[in-house]
Amino acid sequence: MTLIYAFVWFLVMLPDYREPVLGSVIMASMVAWTAFTIWRYSKPSGRTKRLVLLDQFVTTGLFGLCYFVLTEHQLEQGLPTVVTMWHASMVTAAAVRCGMPGGFVSGAAAASANFAMRGYIDPNMWMDTALHLVIGLLLGLASETAKRSTQRLARALRAEAATAERERLARDIHDSVLQVLARVRRRGGELGGEAAELATMAGEQETALRALVSTGPAERGGTSTDLAARLRAFEGTGVNVSVPATEVTLPAETVTTLYSVTSEALQNVAEHAGPEAHAWILLEDLGSEIVLSVRDNGPGIPEGRLEEAVAAGRMGVAQSIRGRVESLGGTVTLDTSAGEGTEWEIHLTRADSRDRAVHSGARERGNY
């Protein structure tokens, strides 16, 4: 469209040009370059920064040659050059390909070339300058917004496809593989001996398989993960999981640590509470704070048992649970007594869970 506009003005002013032959060469070059860039930009492989940079040089060069085509009177009167509005095509190309920074730099270059050719400053020159800069900034902003929207849409489509496939797998295996693994785990624990070892392996595979079909797809290059989806993997025989219906997004390292803490707590239930014990996992998203609770109805921890374990050099609870939570800047509370089960309650601040170092505390019912 800008080429058509420039061509009309070229026909009108051609008889008055100082060098009409050079003006004709410039117009022919504009037609050829426009055809070439339309062809290249129509293909994704052709929309390169190198071509955009070359576009800047070609357009600016043709604009500079207009100085030898127009008469002194035409330049002083502010009459259009041969390229006229076509000059702005390099700004649009830079803005679309390189965003706001590219559009601004190209607009500034076009305005500077215009000032250099005319040799004076007036309101019309300032208006042309503003138009070049505004075109570059607005089209750059639109381009950046469109790219971000396209990326978000692509991620959403990938997540939707992955979720549909995961749900299909979950339906197919829930009534077969998972139930068999859960039965092997439960029955093996009851039989003891070598069967208990098989029960442990079956339980590990059941947890891994549940994680595979319940967790959301990981974003490449992403830094956050849905904690709620990870915790749903623990749902099974003897374990109830209650999490928010919406995503509870945390840094991936934080989610991995909390998942390991929960796994350690459940492992303690399996080892010390007996095959008939039941466990409950509760996750609460309070906005600025995450609260994770793991409770069981086992025999509880007798008074003094943890001190004995520490004295004997067994640091499992301190390092596996308290140490991991402390490393996130969170606090952990242990509530237990003989015959009344055990509950771990973890509090983690969202905003600065990585940066703050806070002291964790532990309290229990009774005299512990």
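Anything mentioned here points back to the structure above.
Please read these numbers as outputs of a predicted model, since none were measured by experiment.

Caption draft 1: Seen up close, the nonpolar core. Counting residues in each nonpolar core, the largest one holds 32 residues, and the members touching the most others are Leu227, Leu231, Phe234, Leu258, Ile281 and Leu283. Beyond its immediate sequence surroundings of up to four residues, Phe234 is in contact with Thr207, Val239, Val241, Tyr259, Thr262, Ser263, Leu266 and Ile281. Within the second largest apolar cluster, 21 residues are counted, among which are Leu51, Cys66, Ala113 and Met117.

Caption draft 2: Representation of the pattern of salt bridges within the structure. This model, assessed by the stated rule, comprises one salt bridge. With its nearest N and O atoms 2.8 Å apart, the salt bridge here joins Asp285 to Arg350. Taken as a pair, Asp285 in strand β4 (residues 279-285) and Arg350 in the segment after β7 (342-349) lie far apart in primary sequence, 65 residues in all. Residue Asp285 is classed as partly exposed on the basis of its relative accessible area, which comes to 31%. Residue class for Arg350 comes out partly exposed when judged on its relative accessible area of 25%.

Caption draft 3: Main features of a nonpolar patch on the surface. A grouping of Met1, Ile4, Val8 and Val12 is seen on the molecular surface, where their side chains present a nonpolar patch of about 460 Å² in accessible area. As for its position among the elements, Val8 is in helix α1 (residues 2-13). Since its relative accessible area comes to 47%, Val8 is described here as partly exposed.

Conventions we followed
Residues numbered from 1 in each chain as written. Predicted model: local features only at pLDDT ≥ 70, side-chain atom pairs only at ≥ 80, totals over all residues. Heavy atoms only, no water. Core = buried A, V, L, I, M, F, W, Y, C linked by side-chain atoms within 4.5 Å. Buried < 20%, exposed > 50% of the residue type's maximum accessible area, 1.4 Å probe, protein only. Contact = heavy atoms within 4.5 Å. Salt bridge = Lys/Arg side-chain N within 4 Å of Asp/Glu carboxyl O. Helix = DSSP H or I, 4+ residues; strand = E, 2+ residues; numbered from the N terminus. Patch = residues over 30% accessible without salt bridge, like charges linked within 9 Å, V, L, I, M, F, W, Y side chains within 5 Å. Areas by Shrake-Rupley, 256 points an atom, 1.4 Å probe, with all protein chains shown as cover.

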